[in-house]
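# Observations on chain architecture
Read off the chains here:
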Amino acid sequence: MDSKHQSNYKLSKTEKKLLRKQIKARHTLLRHEGIETVSYATQSLIVANGGLGNQVSRNQLLPVLEKCGLVDALLMPPNKPYSCVRYNTVEESKKAYDTLNGKEIVDDLGQKIILYLNFVEKAQWKELGLQTLPPGLKVIEEIISPEDEKMLLESVNWTEDTDNQNFQKSLKHRRVKHFGYEFHYESNNVDKDKALPGGLPDICESMLEKWLKEGFIKHKPDQLTINQYEPGHGIPAHIDTHSAFEDEIVSLSLGSEIVMDFKHPDGMTVPVMLPRRSLLVMAGESRYLWTHGITPRKFDTVQASKGHKSGIITSDVEDLTLNKRGIRTSFTFRKVKQTPCNCSYPLVCDSQMKEAPASFPESDKEALQLEQDYVHRVYEEIARHFSSTRHTPWPHIVEFLKALPSGSLVADIGCGNGKYLGINKELYMIGCDHSQNLVDICRERQYQAFVCDALAVPIRSGSCDACISIAVIHHFATAERRVAALQELVRLLRPGGKALIYVWAMEQEYNKKKSKYLRENRTSQGMKEEISNDTSVQELLVKELPNVGRQDSAHSVSSINDFQDGGCNSRNVANSKLPIHTNRTSFHSQDLLVPWHFKGNPGKDKRVESLGSLGSHDPSPVFHRYYHVFCEGELEAACQTLSNISILQSYYDQGNWCVILQKV
Ligand SMILES: O=C(O)CCC(=O)C(=O)O
Ligand SMILES: [Fe+2]
Ligand SMILES: [Zn+2]
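- Going by what an unreviewed UniProt entry lists, the protein is known as tRNA (carboxymethyluridine(34)-5-O)-methyltransferase ALKBH8 and is assigned to Moschus moschiferus.
- For the protein, the Sequence similarities (unreviewed entry) comment in UniProt is given as "Belongs to the alkB family."
- Recorded in UniProt under Cofactor (unreviewed entry), the annotation for the protein is "Fe(2+)".

What follows is the structure, given as structure tokens:
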């Protein structure tokens, strides 16, 4: 407040800027989230930029908010770049609005973040409080009576008398029994030609008919798996093999309620309460794209409020409590699928997964296809998760950006989540990326970014004072395309303009020093720092966990994983298949596929929790990105083929080859 009196002119300028940003935040909230803000004071505020998706943790934000008054509730939805705070009184929220708007806070990783606050109506607070269920998922409560529940439970004979009609197994974390068709956990599929004699138990027939008639299910199942979970039991996160079963899968919960976790590949986890006697219906996206699983534990975190029975458990700390698990028996009904799956989720679809692993491209067309399948599609799919592991800017790049004259126009070609776009506020930076989802993340962060191909950037020739290309050129699949990408960077530069280029190095050990990528091989769980350019913290953690019995790994998303067994990690060019790299090891081939694991939840606050579920060896999807890792001198040589440039500097930085060039 003091400064207000010191410099009126300056402050009004700042105020204007603040207002502009605040209005921008409003628009973004409305456009991207459908959240309407209001121009009058209310008890609740949306705090743009103060969200878990922005690496701002509750511990970080709450004390800041509490300085303005008594916080009634702070809602931080997972993966979102905002949060919602409700104050005890309008006066308090007004104080927060006045003092915290434009306030800089330091996020969990030490980066500065500016908060923009806007009032929202109370009703919207309520709406926000509930995440939505995964699309296609329903929980129908009280679908059967307590009497029917009792009867169904009594009908299951768990004694080992197998009359060969209902195949029964004791898995590591639960007991199972199959009817109609046996489900093979080794192949994650059913033997479609070998229906079990006896079909489904008679007791289920009338129940299924009723559900059909009442429209709860669309087709009659012919396969039943009964799972029994004692407290402490669980089922690993999995997607039921697409080609094994039809779209709709339903599961009846008996005996005791349980929390089932649904995970989107981008890391969002939605815990869903399944009350006893309820029917879970999974169809569409929730069946094909999201994994479902039950974490082995004795207590579930559940909503305390009495009214809440089924559905999402929010992360609202005010209303959470622990619930002791009992014995839950589930009847999962599915219809065996006789034709290949043609869903719209090819990356996780066993029917649509490429038969053969990717090959070295032999033509431009093949190179394009390879980049499409093993770069663009993958980044699109993993964008949020990827972004959550990309927060620490590398010092030499920061140095380059900070040294540029203020007012410079700088293009970041392949800007990813925009982690360099805000480094130097004196620059006019614009980012572009092939991935729409990554560009959306940049925009959520209020950066200028657009989607384009790095070989055809819609920026006028000679208009940039500088360009950066960080960890991009190595995704082009032929030498010609890599040179073309460099040429495009140079085209954007004005004479005298500079470009900084980073690519991943084949040499992960240089001058007798191992890069962090190798060194951090055995990092402790507590590690927070992003290491080299290419590994998520999750990947590190995964390696540390014991690989528990695989036979209980439910029906995996398989396929992409499978060609890992084909022996990689060699200069396996003979059959022209691209080898799959083992993370945290040296490279043995310049062209390779690098796995991206969707393990756990990327939200930092969830890391501990995700470790828990990783302990149950979940076969989550693994995606592969194509890379050409550069040998010493290769990047320089490629630059030297360009006209009108001089190489100002070339160096090795933490497992990357780097060049600074200047347009002459
Ligand atoms: O226990 C449940 O409700 C789910 C079981 C399941 O996902 C499965 O067997 O594939
Ligand atoms: Fe399942
Ligand atoms: Zn499919």
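### Points about the overall build of the protein
- Counting its regular elements, the protein contains 16 helices and 34 strands.
- For the protein, buried positions account for 56% of its 664 residues.
- The contacts in the protein between residues at least 6 apart in sequence include a share of 71% that link residues at least 24 apart.
- Accessible area of the protein: about 28,200 Å², with a carbon and sulfur share of 51%.

### Describing the coordination of the zinc ion (ligand 3)
- Donor atoms from the polypeptide that bind the zinc ion (ligand 3) are His242 (ND1), Cys341 (SG), Cys343 (SG) and Cys349 (SG), placed at 2.0 to 2.4 Å.
- Of note is the zinc ion (ligand 3), whose four donor atoms meet at the metal with angles of 99 to 127° in an arrangement that counts as tetrahedral.
- Read in sequence order, the donor residues coordinating the zinc ion (ligand 3) give the pattern H-x98-C-x1-C-x5-C.
- Taking the relative accessible area as the measure of exposure, Cys341 reaches 5% and is therefore buried.

### Regarding the coordination of the iron ion (ligand 2)
- The iron ion (ligand 2) binds to the protein through His238 (NE2), Asp240 (OD) and His292 (NE2); the donor distances cover 2.1 to 2.2 Å.
- One chain supplies every donor for the iron ion (ligand 2), spaced along it as H-x1-D-x51-H. You can see Asp240 sitting in the loop between strand E14 (235-238) and strand E15 (249-254) and its partner His292 sitting in strand E19 (residues 291-294), a full 52 residues away along the chain. The same class applies to Asp240 and to His292, which are both buried.

### Details of the sheet that holds strand E7 (residues 116-120)
- Judged by pairing direction, the sheet is antiparallel, and its five strands sit side by side in the order E1-E7-E2-E4-E3 without closing on themselves. Two strands in the sheet have a free side with no partner beyond their single neighbour: strand E1 (37-38) and strand E3 (71-75).
- In this structure, strand E2 (residues 44-48) lies alongside strand E4 (residues 82-87), joined through five bridges in antiparallel fashion. In the strand pairing of E4, Ala48 is matched with Tyr82.
- Of the strands in this sheet, E2, E3 and E4 touch helix H3 (residues 58-66), which is tilted by about 150° from E3.

### Focus on the side chain of Arg482
- Summarising the element assignment, Arg482 is placed in helix H12 (residues 479-492).
- One buried charged side chain, Arg482, makes no salt bridge at all; its nearest oppositely charged neighbour is Asp591, positioned 4.5 Å away.
- Excluding residues within four positions of it along the chain, Arg482 makes contact with Ile473, Phe476, Ala477, Tyr626, His628 and Phe630.

### Topic: the sheet that holds strand E24 (residues 409-413)
- A sheet is described by the order of its strands in space; here seven strands give the open sequence E26-E25-E24-E27-E28-E34-E33, paired in mixed fashion. Because the sheet does not close on itself, it has two edges, and the strands there are strand E26 (449-451) and strand E33 (645-653). The mean inter-strand angle of the sheet, taken between neighbouring strand axes irrespective of direction, is 15°.
- Where E24 lies against strand E27 (residues 464-470), three bridges are found, and the strand directions are parallel. When the bridges of E27 are listed, Val410 appears paired with Ala466.
- Of the strands in this sheet, strand E25 (428-433) and E26 touch helix H11 (residues 436-444), which is tilted by about 165° from E26.

### Focus on the pattern of salt bridges
- This model, assessed by the stated rule, comprises 18 salt bridges.
- Between Glu149 and Arg276 there is a salt bridge, with the nearest N and O atoms lying 2.9 Å from each other. Placement of the pair is Glu149 in helix H6 (residues 146-155) and Arg276 in the loop between strand E17 (269-274) and strand E18 (279-282), with a sequence separation of 127 residues.
- For Glu205, the salt bridge goes to Lys220, with nearest N and O atoms at 2.8 Å. Here Glu205 is found in helix H7 (residues 202-213), whereas its partner Lys220 is found in the loop between H7 and strand E13 (223-229), with 15 residues between them in sequence.
- By relative accessible area, which is 30% here, Lys220 ends up partly exposed.
- Members of the salt-bridge network, linked through shared partners, are Glu142, Glu149, Arg276 and Arg277.

### Points about the nonpolar core
- Counting 62 residues, the largest nonpolar core has Phe262, Leu280 and Tyr626 as the members making the most contacts within it.
- When residues in this core are grouped by element, the largest group, nine residues, is from helix H9 (residues 364-388).
- Once residues lying within four places of it in the same chain are set aside, the contact partners of Phe262 are Pro134, Leu137, Met268, Thr269, Val270, Val272, Leu280, Met282, Trp290, Thr291 and His292.
- One finds Leu492, Phe630, Ala638 and Cys639 within the second-largest nonpolar core, a separate group that totals 34 residues.

Definitions and cut-offs
Residues numbered from 1 in each chain as written. Chains lettered and ligands numbered in written order. Predicted model: local features only at pLDDT ≥ 70, side-chain atom pairs only at ≥ 80, totals over all residues. Heavy atoms only, no water. UniProt positions renumbered as here; feature names shortened; annotations may be inferred. Helix = DSSP H or I, 4+ residues; strand = E, 2+ residues; numbered from the N terminus. Buried < 20%, exposed > 50% of the residue type's maximum accessible area, 1.4 Å probe, protein only. Contact = heavy atoms within 4.5 Å. Areas by Shrake-Rupley, 256 points an atom, 1.4 Å probe, with all protein chains shown as cover. Donors = N, O, S within 2.8 Å, 3.2 Å for Na, K, Ca; no water. Tetrahedral: all angles 85-135°; square planar, octahedral: opposite > 155°, others 65-115°. Pairing = 2+ DSSP bridges. Axes fitted to C-alpha atoms, helices over the stretch in contact; angles between N-to-C directions. Lys, Arg positive; Asp, Glu negative; His and termini not counted. Salt bridge = Lys/Arg side-chain N within 4 Å of Asp/Glu carboxyl O. Core = buried A, V, L, I, M, F, W, Y, C linked by side-chain atoms within 4.5 Å.

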